[in-house]
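Now for the letters of each chain:
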Amino acid sequence: MTTQYAHLYGPVPSRRLGLSLGVDIVPAKVCTLDCIYCQIGRTSLATLVRKPYLPASEVLAELSDRIGQGLACDYITLTGSGEPTLNTELGCLIDQIRTLTHIPIALITNGTLLYDPAVRFDAARADVVLPSLDAGNEAAFRKINRPCLDLAFQTFLQGLIDFRARYQGRIWLEVFLIEGVNTSDAEIQSLKDCIARIRPDKVHLNTAVRPTAEPGIKPLDPALLQAIAQRMGPDCEVIADFPIAHPHHLPESLHSLAQADQTAESIFAMLKRRPCSIDDLCSALALTRTAALAALKMLTAANRICTTSKAGRVFYAPAPDTPPTDS
Ligand code: SF4
């Protein structure tokens, strides 16, 4: 029987973190922002006040149990149905997790509280920090992120800059782009200028491919997103999970061989990291089941993959003579 946890989810395949066990450390939806694109919904408590929203002991008891059952993942990821740095137990929680496991710890944060030295101190205990920056100026910040009134854009930006100056771990900055909102030449340039000051290790571009808090939030065209990634520089990549259309719903002329090949290659790259079920692949790569099956058939016909079975589930893996990947 699978144990149900209140604060843990996964491990789930993640574009940025491989296989990640999510640890939710603030309740829905307590946040410093109320982003128009939020996938959780509107913020119910907008606040800059830190406190023990969830006691570390409660989260640790679950984590200890989960690790005891045999946890295999790339990261334990502290996040929340809101902003995790609002929880004053964050630093102590990271220290305690390190006594339980050697699995690296990631922190997904909107980064708005990094102006506070205590938050920087807590966040710096993680192995990788994934903050967000969607605006390059006060007006865009207010329009997209709808921050608490007391939070000024320059304070937020300076917090990110100060954090980078001391933090020895990796910073992967996520930028969420919305068609017609922060995608003009001027907005992209101001974002680029801010990013140059923050100096993250990587920049990840995302867009609205899932339901959002507000209606009418439009995703950016994939080609445009790629063009912006190029403009941002070599450390920038697109991480948006664009759904791949059902191949049978497209006229043959539109369903190019190149696209089918690309799907198969994405699947193969993921299988080189670890065996996956079809559900893992669909969820990680935002594929329909039919599209995933079609690509798996192609890879099987080419003798590039094989299947194994565990606990009644089928897993796909590279064929035995396929060299392992180093990623
Ligand atoms: S920071 Fe994250 S949780 Fe908070 S409103 Fe924005 S997207 Fe939602």
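Residues numbered from 1 in each chain as written. Predicted model: local features only at pLDDT ≥ 70, side-chain atom pairs only at ≥ 80, totals over all residues.

1. Some details on the overall build of the protein chain
Tallying secondary structure elements over the protein chain gives 10 helices and 12 strands in all. A buried classification covers 38% of the 327 residues belonging to the protein chain. Across the protein chain, every contact between residues at least 6 apart in sequence was considered, and the portion connecting residues at least 24 apart equals 73%. (Helix = DSSP H or I, 4+ residues; strand = E, 2+ residues; numbered from the N terminus. Buried ≥ 20, exposed ≤ 12 C-beta atoms within 10 Å, placed from the backbone. Contact = placed C-beta atoms within 7 Å.)

2. A few points about the confidence of the model for the protein chain
Scored by pLDDT, the protein chain has a mean of 87; 90% of the residues are at 70 or more. When the criterion is pLDDT under 50, residues 244–257 qualifies, and its contacts beyond four places in sequence or with other chains add up to 16 contacts. Scored below 50 in pLDDT, residues 323–327 makes four contacts in the model with residues more than four places away or belonging to other chains. (pLDDT = per-residue confidence, 0-100.)

3. Thoughts on the environment of Arg66
Mapped onto the fold, Arg66 is located in helix H1 (residues 56–68). Arg66 gets classed as buried once you count the C-beta atoms within 10 Å, which come to 22. In sequence terms Arg66 and Tyr5 are 61 residues apart; their C-alpha atoms lie 8.8 Å from each other.

4. Thoughts on the site of the ligand
By nearness alone, every residue bordering the ligand is listed as Cys31, Leu33, Asp34, Cys35, Cys38, Ile40, Thr43, Gly82, Glu83 and Asn110. Its residues placed into classes, the shell around the ligand shows five nonpolar, three polar and two charged. (Near = placed C-beta within 6 Å. Nonpolar A, V, L, I, M, F, W, Y, C, P; charged D, E, K, R; others polar.)

5. So, the pairing of strand S8 (residues 170–177)
For S8, the buried fraction is high: seven of the eight residues fall into the buried class. For S8 and strand S9 (residues 202–207), the ladder comprises six bridges, and the chain directions are parallel. Looking across to S9, one finds that Leu177 is bridged to Thr207. Crossover handedness for the path S8 to helix H6 (residues 185–198) to S9: right-handed. (Pairing = 2+ DSSP bridges. Right-handed = clockwise from strand over helix to strand, strands pointing away.)

6. Some thoughts on the environment of Leu100
Structurally, the position occupied by Leu100 is in helix H2 (residues 90–100). Spatially, the C-alpha atom of Leu100 lies 9.3 Å from that of Gly68, the residues being 32 residues apart in sequence. Ignoring any residue separated from it by four or fewer positions in sequence, one finds Leu100 in contact with Leu63, Ser64 and Ile67.

7. Observations concerning H1
Spacing of three or four residues puts side chains on the same side of an α-helix, whose turn is 3.6 residues. Taking 1.5 Å of rise per residue, 13 residues should cover 18 Å, and H1 covers 18 Å from first to last C-alpha, within 8% of that figure. Within H1, the full set of buried residues consists of Ala56, Val59, Leu63 and Arg66. Down the axis of H1, the sector holding all buried residues measures 100°, keeping them to one side. More than 90 degrees from the buried face of H1, the exposed residues found are Ser57 and Gly68. Among the structural elements, strand S1 (8–14), strand S2 (18–24) and H2 are those in contact with the buried residues of H1. Gly70 occupies a position one or two residues after H1 and carries a positive phi of about 95°. (Expected span 1.5 Å × (residues − 1). Arc of directions from axis to C-beta.)

8. A look at the packing of helix H5 (residues 153–166) against H6
Running from N to C, H5 and H6 point in directions that differ by 35°, and their axes come no closer than 8 Å. Contacts between H5 and H6 involve Leu157, Leu160, Ile161 and Arg164 on the former and, on the latter, Cys194, Arg197 and Ile198. Taken together, the residues of the contact of H5 with H6 sort by class into five nonpolar, no polar and two charged. (Axes fitted to C-alpha atoms, helices over the stretch in contact; angles between N-to-C directions.)

9. Some words on the sheet that holds strand S6 (residues 105–108)
Judged by pairing direction, the sheet is mixed, and its eight strands sit side by side in the order S1-S2-S5-S6-S7-S8-S9-S10 without closing on themselves. Each end of this open sheet is capped by a strand with a single partner; those strands are S1 and strand S10 (236–238). Taken pair by pair, the neighbouring strands of this sheet meet at an average axis angle of 25°, ignoring direction. Lying on the sheet, helix H7 (residues 222–232) is in contact with S8, S9 and S10; it crosses S10 at an angle near 170°.

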